[in-house]
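These are the residues of each chain, in order.
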Amino acid sequence: MALLVARKVVKRFGGLTAVRDLDLDIEPKTIYSVIGPNGAGKTTFFNCITGFYQPEEGEILLDGQPLVGLPTDKITRLGIARTYQNIRLFANMTAIENAMVGLHPHLRTGVLGAIFRTPAARAEEAQATAEARRLLQFVGLAGKGDLIAKNLPYGLQRRLEVARALASRPKLLLLDEPTAGMNPREAEDMMHFIRRLRDELGITILLIEHHMRVVMGISEHITVLDYGEKIAEGAPREIQTNPRVIEAYLGRGGAAQQHGVLDAPAAAG
Amino acid sequence: MLKTWFRRLSGTDLIMYAIGVTVTIAIIWGSLATLASGKYSLPQWQDLVVFGLAQGSIYALIALGYTLVYGILRMINFAHSEVFMSGPFTAYFVARALDQSGFLERSPVVGMLIVTAASMLTSLVIAILVERVAYRPLRNAPRLVPLITAIGASYALQYVFRGLYGSGVERYPELAIFKGEWFLAGVRVLRTQAVVIVAAIALMAVLYVFVMLSKTGKAMRAVSEDKDAAALMGIDVDRIIATTFAVGGALAGAAGILYVLIFGQVQFYMGFVPGIKAFTAAVLGGIGNVPGAMVGGLFLGVFESVGPSLFLDGLGIPAPYQLKDVIAFAMLVLFLIFRPSGILGERLATKKA
Amino acid sequence: MRSYSAPVWQMALKLGLIGGAVAALLALIGMVEVFNQRAIIGGVISMGQTFLGLAVLLSAYAAARRAGTQTRSTALLAGAVAGAAVGLVIGGLALLMAAWPDLRTILINASPTLLALLTFGQAAPVALAIWIVAGGLLGAATGALLLLTPAVRSAILAALGAVVLVGVLADLLRLITSAWGVIGQALRWMFAGRGLSVAGALVVAAVVVLIGVLRQRGLPKLQPAAGRRSPRQTLLSLAISLAILALLPPVLGTYMSEVLDQVGLYVLMGLGLNIVVGFAGLLDLGYVGFYAIGAYMMGLLTSPELGFFNLSWWAALPIVLAVTILSGVVLGIPVLKVRGDYLAIITLGFGEMIRYLALSNALDPYTGGPQGVQLIAKPTIGSFVFDDVTKLYYLLLAGCLLTGFIAIRLRDSRLGRAWMAMREDEDVAQAIGINLVSTKLLAFATGAAFAGLSGAIFAAKIGAAYPQSFHLLVSINVLALIIVGGMGSIPGVIVGALALVGLPELLREFAEFRLLVYGVVLVVMMLYRPEGLLPSEAARREMHEDENVTEESALAQPAEPAIQLERTAT
């Protein structure tokens, strides 16, 4: 059975329908990408899954459990974590603190435990610190735990955001343009990193991406959105040759120069 | 739809609804009890409403200052109550001088216009000074920072004026032309109340026309939409913001004189309560919304004037009039919680991600 | 040089005129005259004169700094122009006052005493000339200060600052030391009139310079040791500071104990509000409400006047705390979804509502209405009754230590991290799995409990609870002291309380201007040092986005008066 199921999801802003009747099935342990031109409703859809927005219609199920209507923290506890298009770290906290905040839902220490620093609380804190260290190491931030998040270089900030998301032990990880603002080399690194997340940790990945090389390189399944509607779905190869997709990206007039457009890094996001 | 609504409903939401329902029931219950007891006569109610309208129009004028600044900078100008106080407190000395020279007795209208002009000018200058010193350097600071400077500026101003003019209560000279009352369609209106209401409405009309039609007004609206875009269009944003403070200050200065017409006295601490109530009025009408401030002011004025007799009395609360201010604060709190967009405003989409 | 001296000239003039206007304003609101009763150096210079001199100094310093120090003459010229401009404004004020004595009927502080002070007893035009010349000279001297090496400059400024500070407190120091017997006798030569003697001032300056020199020599070696202290050293220093704290009341006497009690009450509240505002980022302006609830609950439970329960103070305390915690939660629930300035306004509304309710007759049987509740029980341990300020000090000290400990433990736990994450970005914090409802309510409840404890002790201290004690100003004071100390910083709360509650109690002339100073302090702190005097790590990071202040550079600049002068001047 699919890990995440979306059925007929509709999200409107006033007169604008940002997401229209969207259906989606994400199988466990896949890398699934959502692509589409700017304003196609990709991030809006992310926000519907994670509970930032309430869709007007439709259902979203994680492992058969309905998500619509739940607050964001409950959804995270059910096993969905995300990163943000414009990095949103806790900028003035250290890297390790950021990761440890991600562990928050899995820790139990209460007020009294914190005040008296009970053995249980101390053990938990030590464990949490160790786990946060491991996560930082996994994402490539070994030894940088005490640096302030906002002082990290851009690429490492993206990685730290992933570490924070991983800390909540998600089944499904939503990555919103993880290679935005990166040069081709860095994007390549990120691509390998994403694949490792799936291969080594067994996490299902839902990706929004503009870098076509990344998308085509790592996705097993792709859905293309345009004006809030799904216009195509399938394996990367099918998508690359789909005339509707090419039209959506280039407009009617541009269809002639289709070659090379979808397998090169998209210039215009 | 209903199903998701239920799922979304949390325990805290339930408590909130319970509070809302309780307050509503208490108000209705109290009002019915009072009306059934027939304790107050129709003229008494009319007096309360007229008084509320007069008071409310003063709130509305002050509220415009909050709303204009909020609309343009998205910040609460906490020091606005002191801007309001500075005008009539300073103009008192003008009034006293005119009174001693006998000018105020001879031509009271011109005299009062001079006093009003002095009050408006003082408040205007203070408003611009506050903006220049306390807010402008912090335009890009975290949001709490200008709020804290606003609180600081408010106290600093209060005590500067206390130091300058003393802590005593000063009584404005009383003028014969403002004594007496008129009857309008059988409703008794004190002359002062009529003057206050008419003057306030006239000023609000002038402001509305200014904001909507004048070039500066249009620039103000442009800046409130998008500062950067406005700057690109060649609008001097700093100047427009200063103008906004100036306009709000001048209105507060005028409101100060109207306040004096009703209450007759000035003091360094006089700004706080009208200030916070005017802020309530601005919230009631939807902060940032110019007609909203007017509606909110009048509504609050009438509500707090009629309220104690209407529903607190009916609930059997002793000395209900002492709780007049509690009503205003309760309104503020309830509106901010349940309908932060105000009576006229639309709910703005909360942008999160 | 000629080509750019004109703008320098204008800039200096402008700064000088602003400085002069501020000085004139201070004179007109009565500050200069009141402070003039206190001497800095007896018979030589009074505090009022220091104030005016400071206006010259600061304006000239700012002007000289902006003028740059490439050439000697620009700094000197800028300082001189600014100083002369300050003198011009002050002298002009004297001229105006002399020419129009009736000014006093409007500006009540434009008194003959002030005039005499501003004119040095001379005719006003002569005084004006003196002011301009003296201002110019002092300004030029200030400009010259910038040409010295930084070490010498900061030594001079530190010495001046110390002399002013000790001079201001001279009255009090003499009072305290006089109780010390022989030592007091030995120190008497340092004081003269209501200030320091010339010799005393010289000694203070010399000591400060000496300390400065020693620190500069010794600091690099000492630093690593201070950075990593062993647990035993920490324990030792803790024990020593505790011993010192415990000895304070007998050493300092009753009056100072009273002051310390005041400080203690505010430290308690400050620690609580620091959790709400500093840790969790929820700006609460109605904080006084919980202080009131604490005091009134104590009254309700212990006062025989109301005659409900007549409990002892200790028996009532847990109930008081439970009720304040509950009220924190109850008042917290409605504001869960409200943010930023709206939250500030709503909580302000709550605080005022509580005060108006206490003030009205509606709750007479429980609160005593406008008359308040009397006969509130004092805490006792066995036969020991905490019935005067020196004894209550120990109760407050214990309370502060306890709440400080709790605050530190909570800050360093998972809960503290959740608060900080929430302060940084509420939406992301929730999306990472933090339950905002419980996290916020915990902050409100903890804060309320600390304020409740403070209120309970306050009620015991004065034996009563009056509605007047619970004014909005208390909330503002607490907020101000947190900001001055540094938001989110626990030592900052103590420093803030000492500076904003302790210092004004020591300078009683000050009382009249206390709120004015609070207001100005809030504005100035936000403009020039938003992270506070003793900032928490996070706050420093937040407020100085561009500068990467490293640990070392922050430690290398001890907060001496010299630094403060520079801050205000920049």
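Residues numbered from 1 in each chain as written. Chains lettered and ligands numbered in written order. Predicted model: local features only at pLDDT ≥ 70, side-chain atom pairs only at ≥ 80, totals over all residues. Heavy atoms only, no water.

Chemist: How should the overall build of chain A be read in this particular structure?
Modeler: Broken down by element type, chain A carries 10 helices and 10 strands. The C-alpha radius of gyration of chain A comes to 19 Å, within 12% of the 18 Å expected for a compact globule of 269 residues. A principal-axis box enclosing the C-alpha atoms of chain A has dimensions of 70 × 40 × 35 Å. Each of the 269 residues in chain A was classed as buried or not, and the buried ones make up 56%. In chain A, once contacts between residues fewer than 6 apart in sequence are set aside, the share between residues at least 24 apart is 66%. When the accessible surface of chain A is totalled, it reaches about 11200 Å², and 52% of it is carbon and sulfur. Taking the average place of the 32 positive charges on the side chains of chain A and the average place of its 30 negative ones, the gap between the two points comes to 5 Å. (Helix = DSSP H or I, 4+ residues; strand = E, 2+ residues; numbered from the N terminus. Rg over C-alpha atoms; globule rule 2.2 N^0.38 Å. Buried < 20%, exposed > 50% of the residue type's maximum accessible area, 1.4 Å probe, protein only. Contact = heavy atoms within 4.5 Å. Areas by Shrake-Rupley, 256 points an atom, 1.4 Å probe, with all protein chains shown as cover. Lys, Arg positive; Asp, Glu negative; His and termini not counted. Charge placed at Lys NZ, Arg CZ, Asp CG, Glu CD.)

Chemist: Honestly, the domain arrangement of chain C in this entry has me stumped. Any pointers?
Modeler: Quoted interface sizes are often the accessible area lost when the parts come together. Once the domains are mapped, chain C shows domain 1 (6–219) and domain 2 (250–473). Each of domain 1 of chain C and domain 2 of chain C was reduced to a C-alpha centroid, and the two centroids are 41 Å apart. (Domains from an automatic or database assignment.)

Chemist: Where do I start with the packing of aromatic side chains in this structure?
Modeler: Each pair of aromatic rings is reported with the distance of its centres and the angle of its planes. The tally for this structure, following the rule as stated, stands at 30 aromatic pairs over all chains. Ring plane angle 90 degrees and centroid distance 6.1 Å describe the contact between A:Phe52 and A:Tyr84, whose orientation is recorded as edge-to-face. Of the two residues, A:Phe52 is situated in the loop between helix H1 (42–50) and strand E4 (57–62) and A:Tyr84 in the loop between strand E6 (80–82) and helix H3 (95–103); the sequence distance between them amounts to 32 residues. By relative accessible area, which is 7% here, A:Phe52 ends up buried. We classify A:Tyr84 as buried; its relative accessible area is 3%. Consider the rings of B:Phe84 and B:Tyr259, whose centres lie 5.6 Å apart with planes at 90 degrees: the pair is edge-to-face. Separated by 175 residues along the polypeptide, B:Phe84 in helix H4 (residues 80–100) and B:Tyr259 in helix H11 (residues 237–263) bring together distant segments of the chain. Note on B:Phe84: relative accessible area 0%, which makes it buried. Overall, B:Tyr259 belongs to the buried group, its relative accessible area being 16%. Three or more aromatic residues joined by ring pairs make a cluster, and in this case those are B:Phe89, B:Tyr92, B:Phe93, B:Phe161, B:Tyr165 and B:Tyr172. (Phe/Tyr/Trp six-rings, centres within 6.5 Å; stacked < 30°, edge-to-face > 60°.)

Chemist: Just checking my understanding: could you explain the interface of chain C and chain A for this structure?
Modeler: Across the contact, 30 residues belong to chain C and 34 residues belong to chain A. Of the roughly 2900 Å² buried between chain C and chain A, counting both surfaces, carbon and sulfur atoms make up 57%. Seen at the junction of chain C and chain A, the total is 3 salt bridges. The partner of A:Glu125 in a salt bridge is C:Arg417, and the shortest N-O contact between them spans 2.7 Å. Counting every contact that joins chain C to chain A gives 12 residue pairs in polar contact (both at pLDDT 80 or more). At the level of secondary structure, the elements contributing two or more residues to the side of chain C that touches chain A comprise helix H16 (389–411), helix H17 (414–424), helix H18 (426–431) and helix H23 (537–543) of chain C. It is H17(C) that contributes the most residues to the side of chain C that touches chain A, 7 residues altogether. (Buried area = accessible area lost by both parts, 1.4 Å probe. Salt bridge = Lys/Arg side-chain N within 4 Å of Asp/Glu carboxyl O. Polar contact = N/O pair within 3.5 Å; in protein donor to acceptor, adjacent residues only side chain to side chain.)

Chemist: Looking at this structure, how should I read the interface of chain B and chain C?
Modeler: With 55 residues of chain B in contact, the opposing surface of chain C contributes 50 residues. Between chain B and chain C lies a buried interface of about 4700 Å² when both sides are counted; carbon and sulfur atoms form 77% of it. In terms of surface lost to chain C, no three residues of chain B exceed B:Ile148, B:Tyr155 and B:Leu164, which account for 13% of the buried area on that side. Counting across the chain B and chain C interface gives 0 salt bridges.

Chemist: Help me understand the pattern of salt bridges, please; the structure alone is not making it clear to me.
Modeler: Opposite charge on two side chains permits them to pair, given that their charged atoms come into close proximity. All told, the structure shown has 25 salt bridges over all chains when counted by the stated rule. In this structure, the salt-bridge partner of A:Lys171 is A:Asp63, at a minimum N-O distance of 2.9 Å. Here A:Asp63 lies in the loop between E4 and strand E5 (65–66) and A:Lys171 lies in the loop between helix H6 (154–167) and strand E7 (172–176), a separation of 108 residues in the sequence. For A:Lys171, a relative accessible area of 36% corresponds to the partly exposed category. Residue B:Glu131 is joined to B:Arg136 by a salt bridge in which the shortest nitrogen-to-oxygen separation is 3.2 Å. Residue classification places B:Arg136 among the partly exposed residues on the basis of a relative accessible area of 23%. Through salt bridges with shared partners, one network takes in B:Glu131, B:Arg136, B:Arg139 and B:Asp238.

Chemist: Would you explain the pairing of strand E8 (residues 204–208) of chain A in this entry?
Modeler: Residues and elements named next belong to chain A. Burial analysis of E8 places 5 of its 5 residues in the buried class, the great majority of the element. Here E8 shows no split at all, with Thr204, Leu206 and Ile208 on one side and Ile205 and Leu207 on the other all buried. Here strand E3 (residues 31–35) pairs with E8 via 4 bridges, running parallel. Of the residues in E8, the one forming a bridge with Val34 is Ile208. As paired strands, E7 and E8 are joined by 5 bridges and run parallel to one another. Paired with Leu175 across the bridge in E8 is Leu207. In terms of handedness, the path from E7 via helix H7 (residues 184–201) over to E8 forms a crossover that is right-handed. (Pairing = 2+ DSSP bridges. Right-handed = clockwise from strand over helix to strand, strands pointing away.)

Chemist: What is the right way to read the side chain of C:Ser413 from this model?
Modeler: Residues and elements named next belong to chain C. When you line up the elements, Ser413 lands in the loop between H16 and H17. Judged by relative accessible area, which is 6%, Ser413 ranks as buried. In terms of polar contacts, Ser413 uses its side chain to reach the backbone amide nitrogen of Leu415, at 3.0 Å.

Chemist: Is there a simple way to explain helix H13 (residues 313–332) of chain C in this structure?
Modeler: Every α-helical turn comprises 3.6 residues, leaving residues that sit three or four positions apart pointing alike. All names here are of chain C. Between its first and last C-alpha atoms H13 spans 27 Å; for 20 residues at 1.5 Å apiece the expected length is 28 Å, and the two agree. Inspection of H13 places Trp313, Ala316, Leu317, Val320, Thr324, Ser327, Gly328 and Gly332 among the buried residues, and these make up the whole buried set. Taken down its axis, H13 places every buried residue within 135 degrees of arc, on the same side. Exposed side of H13, more than 90 degrees from the buried face: Pro318 and Leu326 are the residues found there. Packing partners of the buried residues in H13 comprise helix H12 (288–302), H16 and helix H19 (436–462). (Expected span 1.5 Å × (residues − 1). Arc of directions from axis to C-beta.)

Chemist: For this particular structure, what's the right way to read empty space enclosed by the protein?
Modeler: One way to see where empty space is left: roll a probe the size of a water molecule over the atoms. Within the structure shown, the criterion is met by 6 cavities of 30 Å³ or more. Taken as a whole, the largest cavity encloses approximately 130 Å³ of empty space. Contributing to the lining of the largest cavity are 16 residues, with B:Phe78, B:Ser81, B:Ser154, B:Phe272 and B:Ile276 lying nearest its centre. For the lining of the largest cavity, the elements supplying multiple residues, two or more each, are H4, helix H7 (144–165) and helix H12 (272–285) of chain B together with helix H20 (472–485) of chain C. Looking at the lining of the largest cavity residue by residue, the classes come out as 11 nonpolar, 4 polar and 1 charged. Its boundaries defined by the atoms lining it, the second largest cavity holds a volume of some 70 Å³. Every residue along the wall of the second largest cavity is listed here: C:Asp284, C:Gly286, C:Phe290, C:Gly328, C:Leu331, C:Gly332, C:Val335, C:Thr347, C:Phe350 and C:Phe444. Of all elements in the fold, only H13 and helix H14 (340–359) of chain C reach the threshold of two or more residues within the lining of the second largest cavity. With 3 residues, H13(C) is the largest single contributor of residues to the lining of the second largest cavity. (1 Å grid on protein atoms, 1.4 Å probe; cavity = no way out; pocket = protein on both sides within 12 Å on 5 of 7 lines; lining within 4 Å. Points joined across faces, edges and corners; volume = space filled by probe spheres on them. Nonpolar A, V, L, I, M, F, W, Y, C, P; charged D, E, K, R; others polar.)

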